[in-house]
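Topology and contacts: notes
One letter stands for each residue in the lines below.
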Amino acid sequence: VALPQECIAMSSALPEDNEACRKALARVITPAMRSAYKHEGVVAIRGLLTPTEIESLDASAEELLHQETERKGGVTKARSRKGNQFYTDKSGALFLDLDRDEGNNDDSLPPVQTCGAEKGEGECLASSAQESEDDNDDAEDVPSKPASMAAFRHVALKSTVPLVAAELMGLGQGKAKGETSLRVIRDIYLAKDEGEYVCGWHVDDHGFWPAQASSPGINAWISIDDVPPGPGGTFALAVGSHAADWKDDAHSAIGSVVTYPKDGFKDARDMVKNRPGAGTCNLETAAPETYEKMEMSKRIYDLRKGDVIFHERWLFHRTVPFDREVVHNHKLRYWGYKGGYEKEPPPPLMKRRYSVRYGPGSSVVIKGWGTEPSVLWNEANAGTTADDVSQADGPWYPQCWPGIDPNEIESMKELVETRFPITEERKKERLNEMKSFLREQKEAERAQRTAAAAAARSRLSTD
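Residue positions are given per chain, counted from 1 along the sequence in the order it is written. Whole-chain, interface and lining totals are the exception, using all residues; otherwise, since this is a predicted model, local features are given only for residues with pLDDT of at least 70 and side-chain atom pairs are given and counted only at 80 or more. Computation of side-chain values: all heavy atoms of the structure, hydrogens and water removed.

1. Quick look at the pairing of strand β5 (residues 235-238)
Because side chains alternate across β5, one face comprises the buried residues Phe235 and Leu237, and the other comprises Ala236 and Ala238, equally buried. Paired strands, in this sense, are two strands between which DSSP finds at least two bridges. What counts as a helix is a DSSP run of H or I of at least four residues, what counts as a strand is a run of E of at least two, and both are numbered from the N terminus. With three bridges connecting them, β5 and strand β8 (residues 317-319) associate as antiparallel partners. Each residue of the ladder has a partner; that of alanine 236, found in β8, is arginine 318. Any residue under 20% of the maximum accessible area for its type is buried, any over 50% is exposed, and the rest in between are partly exposed; the area is computed with a 1.4 Å probe on protein chains only.

The following block contains the structure:
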């Protein structure tokens, strides 16, 4: 799409200042796009983010990647752990670097690029690059500081992305006429490296989407790199799976959140023992025929940096691993003539994305045992709407449509500084509790297998 001038010139993300942009986007989102989202469950849009927004998001993502690489011991050692499908994942990226975000627009971002109406994108980028080069010439002796993380917050809350999400969901219209807000239910920055493990066809668990199954939602999947479909490291969607006549079989096979008890699980033991299905990522072994149906409906987009995939909450999707030949050739380019790496092992192949799960303010926070921060802080938040939680107990689920709430933006710092550390400790306790019961279950299953094998040997010897 061509970004409307009303959005380029938007002075702030407050509802009274973005109204012209919202009206313009309602015209940009065509009936065909709305129909695709409704029937196929997905639409991909190029052109929503300005060059400045894309560059800023790239810099923020690169800084997080650098921090993770340092944490893992440097580029020669850093790889995703076995059984992890991502090199790094950072939930709550929009809450980072609050000290570098002032006012209702992100002053920490470079000035918004406004030359799009007069020049093409290439000219805009070339102009921006020249300006940056000139700035660098004037500031050669000034030490650089890490990139601001404010770009995540800007894109999730203050860009055109949430406005389009609300438009595709039909908020304020028709059946959703009574909906008065759109909120971020969860956001997460992800970087996929060359590790072979990926999660099979699935819908998000409560860790990635902490709203009850009765609550609708839309995921904005934002590509931070160019991601052509061939090499891998990308994202596949089972088109139409959110409304397919076999969708219930798929939910039952993996035990998705749709199959959970209405009030959730009582504790970790209850979840380990009584969660239905074969597990979120195991559709291929649990229901091979349903898996093949998804493979037949699979769509993989040819993505460029800044493209946004909007998909329905209940659309099945999966990560696509890097092609092994691509990984091999990547490493081969670094292999010296003496039969070893000339300097050090190559950096892993990497494709980065930022995923924002949006839901209406009427979305109901999950009940039962779990690790949802707002509930770990205050159990009374469970079973309450995202609107009520954010208005009464702090901006756990920040508003982004019809615009931001300045009071919530102002309250974020207190939330992060005083409440997040406590909920992180409580989350660790819950996860350790879960690990203990999982070990216990595995030991019991091992004992059962040993007993069964012994009984079989006994029967053979008797025969």
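Having put the structure on the table, let's press on.
2. Some thoughts on the packing of aromatic side chains
To pair, rings of Phe, Tyr and Trp, with the six-membered ring standing in for Trp, must have centres within 6.5 Å; the planes then decide the type, stacked if under 30 degrees apart, edge-to-face if over 60, and tilted in the middle. Per the stated rule, a full pass over the model turns up six aromatic pairs. Seen in terms of ring centroids, phenylalanine 152 and tyrosine 354 are 4.9 Å apart; in terms of plane orientation they differ by 65 degrees. Their pairing is edge-to-face. With a gap of 202 residues between them, phenylalanine 152 in helix α6 (residues 150-158) and tyrosine 354 in strand β9 (residues 351-360) connect regions that are remote in the sequence. Among the residues examined, phenylalanine 152 registers a relative accessible area of 0% and is labelled buried. A centroid spacing of 4.8 Å and a plane angle of 10 degrees characterise the contact between tryptophan 221 and phenylalanine 235, whose relative ring orientation is stacked. Here tryptophan 221 is found in strand β4 (residues 218-223), whereas its partner phenylalanine 235 is found in strand β5, with 14 residues between them in sequence. Here the aromatic cluster, defined as three or more aromatic residues joined through ring pairs, consists of Phe95, Trp396 and Phe420.

3. Looking at helix α3 (residues 31-40)
For α3, every residue scored as buried is listed here: Met33, Ala36 and Tyr37. Down the axis, α3 shows its buried residues gathered within 95 degrees of arc, on one side only. With respect to the buried face of α3, the exposed residues turned more than 90 degrees away are Pro31, Ala32, Lys38 and His39. Whether two residues are in contact is decided by their heavy atoms, any of which lying within 4.5 Å being enough. Check the buried side of α3 and you find it contacts α2 (15-28), β1 (42-45), α7 (160-169), β4 and β7 (308-312). Following α3 by one or two positions, glycine 41 has its phi on the positive side, about 85 degrees. The directions from the helix axis to the C-beta atoms form the arc being described.

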